[in-house]
Amino acid sequence: MDHPQCDHVRAALLQALTNSHQPAQTPALAQHIAHCSACQDLRASVFQQLLPSKALPADPCALCQLDLAAYVDMNLDAGTHTAALAYPQVWWHLWTCRDCAKIFAQTAALAGAERAGVLTSIPVARVTPTNPRHVIGRLSVAPQVVARFIQSRALLGVAYGDETPMVLDDGEDNIHSFQLSVQRGGGGTWQVLVSVVPPVAGVAVITVGQTTYHVPFDAQGFARVADMPSALLLAGESAIAVAIEAV
Ligand SMILES: [Zn+2]
Ligand SMILES: [Zn+2]
């Protein structure tokens, strides 16, 4: 749905009046609505159905991002309708801001993967030690992206909530989807998290600058490097490269 038409927008907007738990907003929808006055009018009328006595929200990104993580969790756990009532300014803003909608989609994808990993018992492929490991996926982030991201998160951290993992790259093959995310830890450190859905038996080979970590995936499909120093991520040449190796 790269160029959604008004029908797609209408269907997504009306999700706020249903029990759907699917994340409704996408960057593509936001791009359309930002330039379509008919869809903007529809957004306003759905908002008035949701909260008849409330004025239309203000629209700055900061106001949206303040509660974005909480909105994602509520959207996935309690549904779009409940989330829209609790955080109307977030629901409102995500319909027209491509940047915030992108953060929302990434955050929701990771949160959804975490829930899928925790809540379902997907069988892990049996370990057969005689088989060599083979790479089933690769993820990477350019060094300047990593540095800019860490710096902006340091600035935004207080307002945004330190515990929110942020997706830096994702990918998929025919069977699996992969994500690379980082999350701020204590004492100037970061946690680097690689996830595979459905889980596989294998390791994530995570290279940051000159340093390489070999981290086994757990039964939920997560491999973590806790306590990675900020200085390592901020060093100018520190690209992050991940190879996902299954046995
Ligand atoms: Zn439209
Ligand atoms: Zn925004």
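What counts and how
Residues numbered from 1 in each chain as written. Chains lettered and ligands numbered in written order. Predicted model: local features only at pLDDT ≥ 70, side-chain atom pairs only at ≥ 80, totals over all residues. Helix = DSSP H or I, 4+ residues; strand = E, 2+ residues; numbered from the N terminus. Core = buried A, V, L, I, M, F, W, Y, C linked by C-beta atoms within 7 Å. Buried ≥ 20, exposed ≤ 12 C-beta atoms within 10 Å, placed from the backbone. Contact = placed C-beta atoms within 7 Å. Pairing = 2+ DSSP bridges. Axes fitted to C-alpha atoms, helices over the stretch in contact; angles between N-to-C directions. Parallel < 35°, antiparallel > 145°, perpendicular 65-115°, else oblique. Left-handed = near helix turned anticlockwise from the far one by under 90°. Nonpolar A, V, L, I, M, F, W, Y, C, P; charged D, E, K, R; others polar.

K.L.:
Help me out: how do you make sense of unusual backbone geometry in this one?
P.N.:
A negative phi angle characterises most non-glycine residues, just as the trans form characterises most peptide bonds. A cis amide bond links Val197 to the next residue, Pro198, at an omega of -10°. Mapped onto the elements, Pro198 comes out in the loop between strand S4 (189-197) and strand S5 (202-208). The residue Asp227 is not glycine, and still its phi comes out positive at about 60°. In this fold, Asp227 is placed in strand S7 (residues 222-229).

K.L.:
Before we go on, may I ask you to explain the nonpolar core in this structure?
P.N.:
Most often, soluble globular proteins have nonpolar side chains that are buried together. In terms of nonpolar packing, the biggest core is built from 61 residues, with Leu68, Trp91, Leu94, Cys100, Phe104, Val194 and Val242 touching the most fellow members. Those residues in contact with Phe104, other than ones at most four positions away along the chain, are Pro23, Gln25, Leu68, Val72 and Leu94.

K.L.:
It is not clear to me how the sheet that holds strand S6 (residues 211-216) should be interpreted in this structure. Could you clarify?
P.N.:
The pairing of strands in a sheet comes from backbone hydrogen bonds and takes either a parallel or an antiparallel form. Here 4 strands make up an open sheet; going across it, the order is S1-S8-S5-S6 and the pairing antiparallel. Unpaired on one side and paired on the other, strand S1 (134-141) and S6 mark the two borders of the sheet. Strand-to-strand twist in this sheet, taken as the mean axis angle between neighbours without regard to direction, amounts to 15°. The pairing of S1 with strand S8 (residues 240-246) spans 7 bridges and is antiparallel. Paired with Val135 across the strands is Glu245, a residue of S8.

K.L.:
Please explain helix H5 (residues 68-78) as it appears in this structure.
P.N.:
Residues separated by three or four positions in an α-helix point in the same direction, a consequence of the helix having 3.6 residues per turn. Within H5, the full set of buried residues consists of Leu68, Ala69, Tyr71, Val72, Met74 and Asn75. Once H5 ends, the next one or two residues include Gly79, with phi positive near 105°.

K.L.:
Please explain the packing of helix H1 (residues 6-14) against helix H3 (residues 37-50) as it appears in this structure.
P.N.:
Packed helix pairs are specified by the crossing angle of their axes together with the interaxial distance, meaning the distance between the axes. Put simply, H1 and H3 touch, their axes get as near as 10 Å, and they point 15° apart. Judged by the inter-axis angle, H1 sits roughly parallel to H3. The crossing of H1 and H3 is right-handed. Side by side, H1 and H3 meet where Cys6, Val9, Arg10, Leu13 and Leu14 of the first sit next to Ala38, Cys39, Leu42, Arg43 and Val46 of the second. Grouping the constituent residues of the contact of H1 with H3 by class yields 8 nonpolar, no polar and 2 charged.

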